[in-house]
Amino acid sequence: ARPKGEGSTPYQGKKRCFGEYKCPKCKRKWMSGNSWANKGQQCIKCQINVYPHKQRPLDKPDGLDVSDQSKVHPGNLCEKCKELGYYCRKEKF
């Protein structure tokens, strides 16, 4: 549970972090190393914006969140990419 009025995501910093997502509609789960404060990602199946329920800083990987550089980040599903108009990983925060 998140405190009310603290933003839509657990993490409220400026940097990119690791997020865990679960679609409330179809229960699909995914993880992303391109997770941002108060930004969601769209569920591929339901096309709804989903905010991460868990986020961790990328500077402390714990095994699960070592980002796979060969995986393509779906910018069309990322709220941050859509807002910026380009790939969000290029942000220098």
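Up top is the structure these notes are about.
Keep in mind the model is a prediction, meaning the values are calculated, not measured.

(A) Spotlight on the overall build of the protein chain. Each helix and strand counted, the protein chain has 1 helix and 5 strands in total. Ordering the α and β elements of the protein chain from the N terminus gives β-β-β-β-β-α. Out of the 93 residues in the protein chain, the part that is buried amounts to 35%. The contacts of the protein chain with a sequence gap of at least 6 include a subset with a gap of at least 24, amounting to 48%. In the form shown here, the protein chain has an accessible surface area of approximately 6100 Å², with 53% of it arising from carbon and sulfur atoms.

(B) The packing of aromatic side chains, seen in detail. In this structure the tally under the stated criterion is 1 aromatic pair. Ring centres 5.2 Å apart and planes at 0° place the aromatic pair Tyr-21 and Trp-30 in the stacked group. Judged by relative accessible area, which is 1%, Tyr-21 ranks as buried. The ring of Trp-36 has Lys-80 sitting right over it, with the charged end atom 4.5 Å from the ring centre.

(C) Highlighting the side chain of Glu-20. Note that Glu-20 resides in strand β1 (residues 17-22). When its relative accessible area of 13% is taken as the criterion, Glu-20 is described as buried. At a separation of 3.0 Å, a polar atom in the side chain of Glu-20 contacts the side chain of Arg-56. With near-sequence residues (within four places) excluded, Glu-20 lies in contact with Trp-30, Met-31, Pro-52, His-53, Lys-54 and Arg-56.

Reading the values: the criteria
Residues numbered from 1 in each chain as written. Predicted model: local features only at pLDDT ≥ 70, side-chain atom pairs only at ≥ 80, totals over all residues. Heavy atoms only, no water. Helix = DSSP H or I, 4+ residues; strand = E, 2+ residues; numbered from the N terminus. Buried < 20%, exposed > 50% of the residue type's maximum accessible area, 1.4 Å probe, protein only. Contact = heavy atoms within 4.5 Å. Areas by Shrake-Rupley, 256 points an atom, 1.4 Å probe, with all protein chains shown as cover. Phe/Tyr/Trp six-rings, centres within 6.5 Å; stacked < 30°, edge-to-face > 60°. Lys NZ or Arg CZ within 6 Å of the ring centre and 35° of its normal. Polar contact = N/O pair within 3.5 Å; in protein donor to acceptor, adjacent residues only side chain to side chain.

Keep in mind these numbers describe shape, not what the thing actually does.
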